[in-house]
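Architecture at a glance
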Amino acid sequence: MRALVALLAFAGVTALNFLWWSLPNRPVEIAGWTTAPLQSVSFAPYRPGQSPLTRTFPTPDQIDDDLHRLQGKVRAVRTYSTGENLEAVPQRAGKYGLKVWHGAWLNDNEKENLEQVNLLIDHANKYKDTIERVIVGNEVLLRKDLTANELRRYIRQVKQRVTQPVTYADVWEFWLRNPSLADEVDFITIHILPYWEDEPIGLDRREPDGTPSIEKHIVDIYKKVQARFPDKKIVIGETGWPSDGRMRSDARPGRVEQVRYFSTFRTIAEREKFDYNVVEAFDQYWKARQEGTVGAAWGLLDAQRQDKFELGKPVVAEPHWRMLFTLSTLAGGLVLMGFVSLRRQARGKTIAVFAVFAQVVATCYIQATWIDLTRTFYFEKMVGVVFWALLLGLFSYALLRGIADSLTGKMADPSLYGARIREALHAWRELPRYRIVQRADLMAQLLYLVLTLLCIFYLVFISIDWYDGVIRLSETWYRQIAIDGRYRDFPIWSFVIPAIVLMAWKTLTILRSDPISRADRWAKALSFGRLLGYDGSRGFVRMDRSFSRVRPVLPEIVLAFLLIFWAAVMVVTEGAIKLYDGGSGGFVAADGGRWVIRTLFWNTQAGWFAALAVLMAVPYLATIYISIREPLAEPPPDSYTSKW
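Residues numbered from 1 in each chain as written. Predicted model: local features only at pLDDT ≥ 70, side-chain atom pairs only at ≥ 80, totals over all residues. Heavy atoms only, no water.

**Focus on the sheet that holds strand 4 (residues 131-138)**
- Reading across from one edge, 1-2-3-4-5-6-7 is the order of the 7 strands in this open sheet, with parallel pairing throughout. Every other strand in the sheet has two partners, leaving strand 1 (38-42) and strand 7 (233-238) as the edge strands with one partner each. This sheet shows a mean twist of 30° between the axes of neighbouring strands, independent of strand direction.
- Summarising the sheet, strand 4 and strand 5 (residues 166-171) pair through 3 bridges and their orientation is parallel. Pairing of valine 134 across the sheet is with valine 166, part of strand 5.
- This element, helix 8 (residues 213-228), spans strand 6 (187-191) and strand 7 of the sheet and lies at about 140° to strand 7. (Pairing = 2+ DSSP bridges. Helix = DSSP H or I, 4+ residues; strand = E, 2+ residues; numbered from the N terminus. Axes fitted to C-alpha atoms, helices over the stretch in contact; angles between N-to-C directions. Contact = heavy atoms within 4.5 Å.)

**A word on the packing of helix 14 (residues 421-430) against helix 15 (residues 440-463)**
- Running from N to C, helix 14 and helix 15 point in directions that differ by 120°, and their axes come no closer than 10 Å. As far as their axial angle goes, helix 15 and helix 14 are oblique. Relative to helix 15, the crossing made by helix 14 is left-handed. Across the interface between the two elements, Ile421, Ala424, Leu425, Ala427 and Trp428 from helix 14 touch Leu442, Gln445, Leu446 and Leu449 from helix 15. (Parallel < 35°, antiparallel > 145°, perpendicular 65-115°, else oblique. Left-handed = near helix turned anticlockwise from the far one by under 90°.)

**Description of the side chain of threonine 623**
- As for its position among the elements, threonine 623 is in helix 19 (residues 604-629).
- By relative accessible area, threonine 623 is classed as buried at 1%.
- Within the structure, threonine 623 has its side chain in polar contact with the backbone oxygen of proline 619 (distance 2.7 Å). (Buried < 20%, exposed > 50% of the residue type's maximum accessible area, 1.4 Å probe, protein only. Polar contact = N/O pair within 3.5 Å; in protein donor to acceptor, adjacent residues only side chain to side chain.)

**Observations regarding the pattern of salt bridges**
- Enumeration according to the criterion identifies 36 salt bridges in this entry.
- The residue arginine 69 makes a salt bridge to aspartate 65 at a minimum N-O spacing of 3.0 Å. Note that arginine 69 and aspartate 65 are positioned in helix 2 (residues 60-70) at a spacing of 4 residues, about one turn of the helix.
- Two residues, aspartate 307 and lysine 73, come together in a salt bridge whose shortest N-O distance is 3.7 Å. Of this pair, aspartate 307 sits in the loop between helix 10 (288-295) and helix 11 (321-342) while lysine 73 sits in the loop between helix 2 and strand 2 (74-78), and the two are 234 residues apart along the sequence.
- By relative accessible area, which is 38% here, aspartate 307 ends up partly exposed.
- Through salt bridges with shared partners, a single ionic network connects Arg47, Asp65, Asp66, Arg69 and Arg305. (Salt bridge = Lys/Arg side-chain N within 4 Å of Asp/Glu carboxyl O.)

**Concerning the packing of aromatic side chains**
- Counted by the stated rule, this structure contains 32 aromatic pairs.
- When the ring of phenylalanine 565 is compared with that of tryptophan 566, the centres are 5.4 Å apart and the planes differ by 85°; the resulting orientation is edge-to-face.
- Residue phenylalanine 565 is classed as partly exposed on the basis of its relative accessible area, which comes to 39%.
- Ring-pair connections join several aromatic residues into one group, and the members of that group are Tyr195, Trp196, Tyr222, Trp241, Tyr261, Phe265, Phe274, Tyr276, Trp298 and Tyr487.
- Over the ring of tryptophan 101 we find arginine 133, and its NZ or CZ is 4.5 Å from the ring centre. (Phe/Tyr/Trp six-rings, centres within 6.5 Å; stacked < 30°, edge-to-face > 60°. Lys NZ or Arg CZ within 6 Å of the ring centre and 35° of its normal.)

**So, the pairing of strand 2**
- Taking burial as the measure, the 5 residues of strand 2 include 4 buried ones, the bulk of the element.
- Relative to strand 2, strand 1 runs parallel, the two being bridged by 4 bridges. Counterpart to serine 40 in the pairing with strand 2 is alanine 76.
- With 3 bridges connecting them, strand 2 and strand 3 (residues 99-104) associate as parallel partners. Each bridged residue has a counterpart across the sheet, and for alanine 76 the counterpart in strand 3 is lysine 99.

**Comments concerning the sheet that holds strand 11 (residues 587-588)**
- Read from one edge of the open sheet, 3 strands run 10-12-11, paired in antiparallel fashion. Two strands in the sheet have a free side with no partner beyond their single neighbour: strand 10 (576-579) and strand 11.
- In this sheet, strand 12 (residues 594-597) lies alongside strand 11 in antiparallel orientation, the contact comprising 2 bridges. Bridge assignment links valine 588 to a residue of strand 12, and that residue is arginine 594.

**Thoughts on the environment of aspartate 122**
- For aspartate 122, the position within the fold is in helix 4 (residues 110-126).
- Judged by relative accessible area, aspartate 122 falls into the partly exposed class, the value being 35%.
- For aspartate 122 and arginine 92, which are 30 residues apart along the polypeptide, the C-alpha to C-alpha distance reads 16 Å.

Below you can see the structure in the form of structure tokens.
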């Protein structure tokens, strides 16, 4: 009978698990998404392990293979450098029917700039049949590597010695700030990236008349630049959307969102007769060091040269969802089988409840680990993946073992529970280390403290922007740092198990039908001392009385305050944008921009992460509440106080 109940429970949770994975990953038809090739695409042929930062470059044969993969998908490719074996691009693009927008990479090093410029001139004259445009520098004004006058000198050098049209490429705002550069170029190349705008624009946002805001933005910017330079041809040198990473305002990265943007933009381009280049051909892992996950996820193809989607075909948000469904189902099934085998006193309802939590924990664990794994771009990230896999695995074990113990009446003696953090740490220090796996309560508490500190760490580093910070190690040794929360992901799935799943179990335990006041259960079941919930025993957690109501729970007060405070700070900073429109109000930044709160609560990822942080503060808040309600220790006799 128990086997039949377990089988039915497994079938039920498997069906729910299938819905979990399949519903968000149904193929999505994108209106206007056709098989017509794109006009041009940014071409950086670096493969995993290759990077201009480490001076490891693709070989000419690898470049040739990449050009072949783009055949039929695009009409032209845009390069950003003339060195690093990229001469192979104009040399071999012709045999695949591709034209080239060839570019020189300029920075603040004059020697390197002259090398790039001379190579650009040489390639432009050598490969006139394939190089149709020449680009002198990319976003050097944005990066402040060169002044407008320094850039002008390089543009003139190239223009005097090539026959192709010459341009410079930068974000549209920097053309408006440096209008004199227009006299030096044959056409103006602007970058329009709604995701990276000072005020990001989401794909679902609408104007009062129903027009998509992103469509209005693109057309307005193009016409604004066109009106400022009426005698020049305007070309969109970069536009695109990331397929993975963190939200900015209501701008959400994703595979489906990426295709939606391409489709929307191409529809606009065909209607408005735009000349454009899309970012980019392949995902570039090396960019993650500087820009986080989102920087590595702008490609039409992934870093392994596999299509993320096909032109004109429906798009799936997570193509590997069937594998993830299988892995999570097997993991949940194995845990359930172990429970039924080892806890023979378990019966119908007990087995069903454990099956649900086993599957939820397994699914959330697989989801969290998969997200970490797919965002592993370099060795340090792999260390992080292993760390989180072990940490969440151990906490999941403690949680599921605690649930199993509670359901089968085998919880540890309540008098041994750590009532507060201090008692928990004291009990853990006195426990023989080999017994920690048997004490699910203390193991869960210890790991919960670690997860709490990590949650606070992420909240702080997502919330702050610190540029050109210097940490001095000595008079001669220092480390210069820059922290930018825009490039840090929200680690939502890493905290779902210790926040939502744990809280769901703790709340469920309050519904037990034991002869104990339910009003007393709420605070005690939610407390840190009973991290795994109310276990049905008559005794409650022992809390040593003290002469102070606050001192025993100082750790809880500090941790709860930090979680809630920084969660609020993160939500506010994610709702702030920096404007340069010359208006008034807001907080004036050092660069002259104004910080204003305009997109509060638009970033749903930030909202979810903040909610998880607040949930993780609940056990500490409940413990504070219990401690404050506890009577103080009895005062000394009168003879020791008033009579002396």
